[in-house]
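Structure at a glance
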Amino acid sequence: MRTAAETEVRRPSAVRALTALLAVTAAATVVVEVLNWWYAPEQGFGLAVRTGWAMLRSFGFLLLIGHVRRGRTVARPLGLILAITTVFAVGRLIVPRQGVPPLPGLLGFALLTVLCAAVVWLLYRSPAVAGHLVRHRSRLVIDRSGISWRETPPRRPEANAWLLTSRVAAFTYSPLMLVPALVATAGILDGQLLAVPAVLFWLGAGIATSYLVLFCTAFLLRGKRWAGTLLVVVSVAVLAVDLPLCWWLLGVDGLVRDGAPLVAAAVLAVYGVRRAARVPAPASET
């Protein structure tokens, strides 16, 4: 059995560089958000919610570091969607309602964009990283030798990378809907009681979306073609609910800030489904 020290020595240099890059990106996300909050002309409830959600991505990068160190196959799609949504989340916060963004915010956004681009490049263009990210999750196994906790391949046929990407992108639908819905509650606190039913519906739709996505992706990874079609329908329905509510309750500013990241996630999920459909399904064993 290899020790942790031996595993670290044998880990490719590109993987170690990616791990360090992810740690820097997580720290940069926090720094840029703090700078943006410091220089923001309006430090209201909406900015606090969006900033808190953006800073949660730093924990996402820390989680990604764990997947990379363990060589998990899910690291690539998770890194891709984290990088894309982080750029959108930070970009929408540095732009004020009026005037031009402050120079520190622009510099921080540029740095974070470069870091995210470097993360995606290493994940998808480095042969050493691709050869490292091949392991599956560890599970509790009961067999003749007893009970053990070890890595086991999934029982279902191995899903291709595009299906995994679609799955990770679709899992962001619910939080990307709940964040603007929480921002819209500020209007209720200001006396806009007519918005109460719409906000409650928005919150309920965001929660229901998480269950729909979980159902779709469970069958999607098992190679069910109808699950891909259903995920496309769910993606269109999510946009049909979220975008009009963003425009109505948060204005054009909210539509751009909160609608654009969801559109990006939906496009990535649908594109992944379409790309996966072009790949021939593996022959089933008899």
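This text gives an overview of the structure that appears in the document. (Residues numbered from 1 in each chain as written. Predicted model: local features only at pLDDT ≥ 70, side-chain atom pairs only at ≥ 80, totals over all residues. Heavy atoms only, no water.)

1. Some remarks on the packing of helix H2 (residues 13–39) against helix H5 (residues 103–125)
For the pair H2 and H5, interaxial distance at closest approach is 9 Å and the crossing angle is 160°. Between H2 and H5, the angle is such that the two are roughly antiparallel. The way H2 lies across H5 gives a crossing that is left-handed. For the pair formed by H2 and H5, the contact residues are Leu18, Leu21, Leu22, Val24, Thr25, Ala28, Thr29, Val32, Leu35 and Tyr39 on the first element and Pro104, Gly108, Phe109, Leu112, Leu115, Cys116, Ala118, Val119, Leu122 and Leu123 on the second. Partitioning the contact of H2 with H5 into residue classes produces 17 nonpolar, three polar and no charged. (Axes fitted to C-alpha atoms, helices over the stretch in contact; angles between N-to-C directions. Helix = DSSP H or I, 4+ residues; strand = E, 2+ residues; numbered from the N terminus. Parallel < 35°, antiparallel > 145°, perpendicular 65-115°, else oblique. Left-handed = near helix turned anticlockwise from the far one by under 90°. Contact = heavy atoms within 4.5 Å. Nonpolar A, V, L, I, M, F, W, Y, C, P; charged D, E, K, R; others polar.)

2. Section: the environment of isoleucine 94
With respect to the helices and strands, isoleucine 94 occurs in helix H4 (residues 75–94). Placed 55 residues apart in sequence, isoleucine 94 and tyrosine 39 show a C-alpha to C-alpha distance of 9.0 Å.

3. Let's talk about the side chain of serine 174
Within the secondary structure, serine 174 sits in helix H8 (residues 173–189). For serine 174, a relative accessible area of 9% puts it in the buried group. In this structure the side chain of serine 174 is engaged in a polar contact, spanning 2.7 Å, whose partner is the backbone oxygen of glycine 206. Discounting chain neighbours no more than four positions away, the residues touching serine 174 are Gly206, Ile207, Thr209 and Ser210. (Buried < 20%, exposed > 50% of the residue type's maximum accessible area, 1.4 Å probe, protein only. Polar contact = N/O pair within 3.5 Å; in protein donor to acceptor, adjacent residues only side chain to side chain.)

4. Examining the packing of aromatic side chains
Within this structure, the stated rule accounts for four aromatic pairs. When the centroid spacing of 6.1 Å and the interplanar angle of 45° are considered together, the rings of phenylalanine 215 and tryptophan 226 count as tilted. Taken together, the residues phenylalanine 215 in helix H9 (residues 196–220) and tryptophan 226 in helix H10 (residues 225–277) connect sequence positions eleven residues apart. Its relative accessible area of 41% is what places phenylalanine 215 among the partly exposed residues. The class of tryptophan 226 is partly exposed, set by a relative accessible area of 41%. Grouping aromatic residues by their ring pairs yields a cluster made of Phe215, Phe219 and Trp226. Residue placement shows arginine 76 over the ring face of tyrosine 124; its charged tip is 4.8 Å from the ring centre. (Phe/Tyr/Trp six-rings, centres within 6.5 Å; stacked < 30°, edge-to-face > 60°. Lys NZ or Arg CZ within 6 Å of the ring centre and 35° of its normal.)

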